[in-house]
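What follows is the residue order along each chain.
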Amino acid sequence: MPYSSVKKSALKESEDTWGKRTVSIAEDGITIIGSKGDKKYDLNEIDNLSETENNIFIRKGKKSLIILPKSAFSLKEIKHALLQFGRKV
């Protein structure tokens, strides 16, 4: 199977599993709203930010991680939003 078909298949599976999601960053936290449910994270829970070529990782403690595609936000935008709300990471 060509790479593009595999990639499309993986993306489709991800959407089917998690549903489409909307992410927002505000003073009261990071909110992820999806067709399968909602989740809110307090900004004070964030310990670290990192990135790869395609994703941004927001670490909350040693065992919890929020993964966002770079198509949603850039690392610079996330850091700026956090600083705006008094949270330096």
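In case you missed it, the structure is sitting above this.
Just so you know, the residues in each chain are numbered from 1, in the order the chain's sequence is written. Only residues with pLDDT of at least 70 get local features here, since the model is predicted, and only at 80 or more are side-chain atom pairs given and counted; chain-wide, interface and lining totals rely on the full set of residues. Neither water nor hydrogens contribute to the side-chain values; these are computed over all heavy atoms in the structure.

1. Quick word on the nonpolar core
Here comes step 1: Membership of the largest hydrophobic core comes to 16 residues, with the highest contact counts inside it found for Ile30, Ile46, Leu49, Ile58 and Ile78.
Here comes step 2: Breaking this core down by element, the ones donating at least two residues are β2 (29–34), β5 (55–60), β6 (64–69) and α2 (75–84).
Here comes step 3: In terms of residue count, the dominant contributor to this core is α2 (4 residues).
Here comes step 4: If we ignore the near neighbours within four places in the chain, the residues touching isoleucine 30 are Val23, Ser24, Ile25, Lys39, Lys40, Tyr41, Leu43, Ile46 and Ile58. Among the buried residues, those of types Ala, Val, Leu, Ile, Met, Phe, Trp, Tyr and Cys that are joined through side-chain atoms within 4.5 Å form a nonpolar core. Burial here depends on accessible area, computed with a 1.4 Å probe over protein chains only, as a share of the maximum for the residue type. Under 20% is buried, over 50% is exposed, and the range in between is partly exposed. Numbered from the N terminus, helices here are DSSP runs of H or I no shorter than four residues, and strands are runs of E no shorter than two. Two residues qualify as a contact provided that any one of their heavy atoms is within 4.5 Å of a heavy atom in the partner residue.

2. Topic: the environment of serine 35
Here comes step 1: Residue placement: serine 35 occurs in the loop between β2 and β3 (37–41).
Here comes step 2: The class for serine 35 is exposed, based on a relative accessible area of 60%.
Here comes step 3: For the pair serine 35 and lysine 20, spaced 15 residues apart in sequence, the C-alpha separation works out to 6.2 Å.

3. Some words on the environment of alanine 26
Here comes step 1: Note that alanine 26 resides in strand β1 (residues 21–26).
Here comes step 2: Owing to a relative accessible area of 28%, alanine 26 belongs among the partly exposed residues under this scheme.
Here comes step 3: Among all residues touching alanine 26, those that are not within four sequence positions of it are Leu43 and Phe85.

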